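What follows is each chain in one-letter form.
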Amino acid sequence: MTALKDLMLAQIAHSGPVSIASFMGDALMHPQYGYYATRDPFGAAGDFTTAPEISQMFGELIGLALAQTWLDQGAPAPVTLAELGPGRGTLMADILRATASVPGFHAAAKVHFVETSPALRKLQAEAVPHANWHDHIDSLPDAPLLLVANEFFDALPIRQFIRAGQGWRERVVGAQDGQLAFGLSDAAPLAQLAHRLADTKDGDLVEYCPALAGIVGAMTQRICAHGGAALIVDYGDWQSLGDTLQALSGHAPVNPLDAPGDADLTAHVDFAAIAAHASPAAYSRLTTQGVFLERLGITARAQKLATRLKGDALASHVAAHRRLTHPTEMGDLFKVMALYPATAMPPPGLES
Ligand code: SAH
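Scoring rules and cut-offs
Residues numbered from 1 in each chain as written. Predicted model: local features only at pLDDT ≥ 70, side-chain atom pairs only at ≥ 80, totals over all residues. Heavy atoms only, no water. Helix = DSSP H or I, 4+ residues; strand = E, 2+ residues; numbered from the N terminus. Rg over C-alpha atoms; globule rule 2.2 N^0.38 Å. Buried < 20%, exposed > 50% of the residue type's maximum accessible area, 1.4 Å probe, protein only. Contact = heavy atoms within 4.5 Å. Phe/Tyr/Trp six-rings, centres within 6.5 Å; stacked < 30°, edge-to-face > 60°. Lys NZ or Arg CZ within 6 Å of the ring centre and 35° of its normal. Near = heavy atom within 4 Å. Polar contact = N/O pair within 3.5 Å; in protein donor to acceptor, adjacent residues only side chain to side chain. Areas by Shrake-Rupley, 256 points an atom, 1.4 Å probe, with all protein chains shown as cover. Nonpolar A, V, L, I, M, F, W, Y, C, P; charged D, E, K, R; others polar. 1 Å grid on protein atoms, 1.4 Å probe; cavity = no way out; pocket = protein on both sides within 12 Å on 5 of 7 lines; lining within 4 Å. Points joined across faces, edges and corners; volume = space filled by probe spheres on them. Arc of directions from axis to C-beta. Pairing = 2+ DSSP bridges. Right-handed = clockwise from strand over helix to strand, strands pointing away. Core = buried A, V, L, I, M, F, W, Y, C linked by side-chain atoms within 4.5 Å. Axes fitted to C-alpha atoms, helices over the stretch in contact; angles between N-to-C directions. Parallel < 35°, antiparallel > 145°, perpendicular 65-115°, else oblique. Salt bridge = Lys/Arg side-chain N within 4 Å of Asp/Glu carboxyl O. Left-handed = near helix turned anticlockwise from the far one by under 90°.

For the rest of this paragraph, the subject is the overall build of the protein. In terms of regular secondary structure, the protein is built from 14 helices and 17 strands. Relative to a compact globule of 352 residues, whose C-alpha radius of gyration would be 20 Å, the protein shows 21 Å and is just as compact. Over its C-alpha atoms, taken along the principal directions, the protein stretches across nearly 60 × 45 × 35 Å. Expressed as a percentage of the 352 residues in the protein, the buried residues total 52%. For the protein, restricting intrachain contacts to residue pairs at least 6 apart in sequence, the fraction spanning at least 24 positions comes to 75%.

The structure is reproduced here in structure tokens:
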């Protein structure tokens, strides 16, 4: 039993079942017990690992793609170089190292992080000391914006609904026999899911991320008014269908209700929902991470780095390249979408 689970059970006994979004938000970000709020979950000793932690090549190629986008749009200065949910700060550190030789880029770029976890902000400050931190994307400067979000959207709380006739029953978290347990609310029609009546039948489960529209809106508003682009990398697909809520602890799946605050909780990203809120910005065709990184030249970069490596270091470098790009590893599951001004070209590696 975790302390957070006790707290949640007491709250449910007092006020009734909560939405999965409320459960997920507390499990990840409760100020005292939340998973991200209290720890560094990454790496071999942690619960999961992410692309920038696997290889420096990921951040280097993203950095060069962002710098090329900046050059293609006439090198505006100043420009906000922003990251949502930067974890350990590794991706931004790699972006900055790779772009150090792009003339004028570092002079123009001001680094801004959107991060709610105090524990991770500390690590980010070690990796990128001159960054500016925000609790929410809304306070980013009103200026040209180059933004990256890797494995950020999957951590945003989602609600789950099960189709019942022309309405929906919400899947909620309640209590049974002293344990957290899933339940179902009564059916009701829902305006925000009206568009899913066409592609679902009775009993189908759909997920809905309440925070997504506001976050995508804040990006597109800056990109359309001042220029720039946003690169979103995450696991998921075009219009997700079915239950994708997942908990990971020590690199293994666990029951999401078992140990809130002690396990990572995510859901697959619905890229169609991002595209639906992109207007008036353009969005690129959804592209797999493997194809995106190959188009940006990861194989040439991997070969160049390999010439300096031997033995175990070489073997783990080769494995990292494979892990990022191979269809049976992260290559197909992870997708990339860019948002950019309708008058501009998509960032390198992506198509309109
Ligand atoms: N991008 C990093 C870390 C991914 S984990 C990497 O690729 O390694 C998710 C990150 O998003 C963590 O830094 C977490 O603290 C942060 N995060 C989760 N929900 C957030 C929210 N609502 N607002 C801001 N940051 C959030």
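This part is about the packing of aromatic side chains. For any pair of aromatic rings, the description rests on two quantities: the centre-to-centre distance and the angle between the ring planes. Tallied over the full model, the rule gives seven aromatic pairs. Each ring, one from Y35 and one from Y36, has its centre 5.3 Å from the other, and the planes form 75°; the classification is edge-to-face. You'll find Y35 and Y36 in the same group, each marked buried. Each ring, one from F42 and one from F48, has its centre 5.2 Å from the other, and the planes form 75°; the classification is edge-to-face. Here F42 falls in the buried class, since its relative accessible area comes to 9%. When the ring centre of W168 is taken as reference, the NZ or CZ atom of R163 above it lies at 6.0 Å. Directly above the ring of F182 sits R171, whose terminal nitrogen or CZ lies 3.8 Å from the centroid.

For the rest of this paragraph, the subject is the site of the ligand. Taken together, 19 residues lie around the ligand, and T50, G85, G87, E115 and N150 are the ones closest in. A distance of 2.6 Å separates an oxygen atom of the ligand from a polar side-chain atom of E115. Within the side chain of T116, an N or O atom sits 3.4 Å from a nitrogen atom of the ligand. About the coverage of the ligand: the protein hides 93% of its 570 Å² of free accessible area. Looking at the shell around the ligand, its residues break down into ten nonpolar, six polar and three charged.

Under the counting rule described, the total for this entry stands at one cavity of 30 Å³ or more. Taken together, the residues of the lining of the largest cavity sort by class into six nonpolar, two polar and one charged.

For helix α12 (residues 298-306), the set of buried residues is I298, A302 and L305. The buried side chains of α12 occupy one side of the element, clustering within an arc of 65° when seen end-on. Residues of α12 that are exposed and angled more than 90 degrees away from the buried face: A300, Q303 and K304. Those residues of α12 that are buried lie in contact with α5 (56-72), α11 (289-295) and α13 (311-325).

Here the focus is the layout of surface pockets. The calculated volume of the largest pocket comes to roughly 650 Å³. Looking at the lining of the largest pocket, the elements that each hand over two or more residues are α2 (20-29), α4 (51-54), β2 (79-84), α6 (90-98) and β13 (264-266).

Where burial is concerned, most of strand β3 (residues 109-114) is hidden: five out of the six residues are buried. By the bridge criterion, six bridges tie β2 to β3 in an arrangement that is parallel. Across the sheet, residue L84 finds its bridge partner in β3, namely V114. Here three bridges tie β3 to strand β4 (residues 132-134), and the two strands are oriented parallel to one another. Paired with V114 across the bridge in β4 is H134. With helix α8 (residues 118-127) bridging β3 and the parallel β4, this β-α-β connection has right-handed handedness.

Counting residues in hydrophobic clusters, the biggest one holds 53 residues, and the most contacted among them are L84, I137, L147, F153, M219, I274 and L339. By residue number, the principal contributor to this core is helix α9 (residues 212-226), which donates six residues. Excluding its chain neighbours within four sequence positions, the residues that come into contact with I137 are L84, V114, L147, I215, A218, M219 and R222. By size, the runner-up hydrophobic cluster in this structure holds 45 residues, among which are V102, V148, A320 and L350.

Interaxial distance between α12 and α13 falls to 10 Å at its minimum, and their mutual angle equals 170°. By the angle class used here, α12 and α13 are roughly antiparallel. Within the contact between the two elements, α12 uses I298, T299, A302, L305 and A306 and α13 uses L314, H317, H321, L324 and T325.

In total, this model carries 15 salt bridges according to the counting rule given. Of the charged contacts, one joins R88 and E53 as a salt bridge, the two residues approaching to 3.2 Å between their closest N and O atoms. In this pair, R88 is assigned in the loop between β2 and α6 and E53 in helix α4, connecting sequence segments 35 residues apart. Judged by its relative accessible area of 24%, E53 falls in the partly exposed class. For E351, the salt bridge is made with R295, and the minimal N-O distance between the two is 3.7 Å.

In this section: the packing of α5 against α12. Between α5 and α12, the shortest axis-to-axis distance is 11 Å and the interhelical angle comes to 130°. Between α5 and α12, the angle falls in the class oblique. For the element pair α5 and α12, the recorded crossing hand is right-handed. Contacts between α5 and α12 involve Q56, M57, E60 and L61 on the former and, on the latter, I298, R301, A302 and L305. Residues that form the contact of α5 with α12 fall into these classes: five nonpolar, one polar and two charged.

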